[in-house]
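# Inside the fold
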Amino acid sequence: MAPTPSSSWSRRSVIGAGLGAGAALLARPALAQTYPTRPIRFVVGYAPGGTTDVLARLIAEPLGRRLGQQVLVENRPGAANNIGTDAVVRAEPDGYTILLANPANGINDSLYKKLNFNFQRDIAPVAAITRSPNIMEISPKLPVKSVAEFIAYCKANPDKVNMASSGVGTSVHMSGELFKAMTGVSMVHVPYRGAGPAITDLLAGNADVLSVAETVPGYEASAWFGIGAPRKTPPELIAHLNREVNEVLADPAMAKKLADLGGAPLQLTPEAFGALIAQEVEKWRKVVAFSGATVD
């Protein structure tokens, strides 16, 4: 029996769809094999010269060698990493624009009420880089030699200890708020325009404490850094970048350089890095609520 026009069309449609799907599957590995064909833009939401910028450049150079293309650091400072993050969210999801993500991204999710993006929704986790503990820096005028003594001193002198930070809502500020929540101490927050002025006043004895330490049971306020990309970036490109970043981190020389900056390599899959980000966002959501801080 001769096929009807409609049945012939249906068969051709099915065969064509199958061939198209097969071609797409074959193209996906080829995409990762040819990528990248031009320089990659590595967006850093801070000015040149700071720790975040130094870390980005430390990773960019060996990563570029492995990829066979330059990884160019582009500084887009402002709004606690939000300007740089927004630039990446708006970029083409083709693997040629990536973001240096850090604790500010996890904090800003609940601190800022009018962001044009949602970090977890709009940025795909690519690879972790490093994690390092915060440290407690105390003015020499305080009569304490340990974290336990500092806590006891604060409780004996409520609201008489000045807690300096690099600005409202920064990771230094929120780390101090987490310390207050975990220990029950009461300190007066004194925000500065950056870490430099805060450290200067600490050394001069005008501030009492800057940042805090991970020495209280259950207390975690370490700084993490990693790489993100626009959410719709092809999974094979994310997997490719993840492998290459982890290879960079596996180099003992890189581990030594990270140690000099106070950190250690953090080699994770994109999924594991995403889980870390989710945990951080939820943790800082509670701290922001406790502090009452907000930025419009």
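Residues numbered from 1 in each chain as written. Predicted model: local features only at pLDDT ≥ 70, side-chain atom pairs only at ≥ 80, totals over all residues. Heavy atoms only, no water.

In terms of regular secondary structure, the chain is built from 11 helices and 10 strands. Considering only intrachain contacts with a sequence separation of at least 6, the fraction spanning at least 24 residues in the chain is 80%. Working note: accessible area of the chain is about 14,300 Å², and carbon and sulfur atoms make up 58% of it. (Helix = DSSP H or I, 4+ residues; strand = E, 2+ residues; numbered from the N terminus. Contact = heavy atoms within 4.5 Å. Areas by Shrake-Rupley, 256 points an atom, 1.4 Å probe, with all protein chains shown as cover.)

What follows is about the pairing of strand β3 (residues 97-101). A regular strand places its side chains so that they alternate between the two faces of the sheet. Summarising burial for β3: five of the five residues are buried, a large majority. Residues of β3 alternate between two faces, with T97, L99 and A101 on one and I98 and L100 on the opposite face, all of them buried. The pairing of strand β1 (residues 40-44) with β3 spans three bridges and is classified as parallel. Residue pairing for β3: R41 is matched across the bridge by T97. Where β3 meets strand β9 (residues 223-230), three bridges bridge the pair, whose relative direction is antiparallel. If you follow A101 over to β9, its bridge partner there is G226. (Buried < 20%, exposed > 50% of the residue type's maximum accessible area, 1.4 Å probe, protein only. Pairing = 2+ DSSP bridges.)

This part is about the pattern of salt bridges. All told, the structure shown has 15 salt bridges when counted by the stated rule. Note that R66 and E244 form a salt bridge whose closest N and O atoms lie 2.5 Å from each other. With R66 in helix α2 (residues 51-67) and E244 in helix α9 (residues 235-250), the pair connects residues that are 178 residues apart, well separated along the chain. Note on E244: relative accessible area 11%, which makes it buried. (Salt bridge = Lys/Arg side-chain N within 4 Å of Asp/Glu carboxyl O.)

Pairing in this open sheet of four strands is mixed, and the strands run β5-β8-β6-β7 from one edge to the other. Each edge of the sheet is formed by a strand with only one pairing partner; in this case those strands are β5 (137-138) and β7 (188-191). Bridge analysis of β5 against strand β8 (residues 209-210) gives two bridges, and the strand direction is antiparallel. In the sheet register, I138 faces β8, and the bridge partner there is V209.

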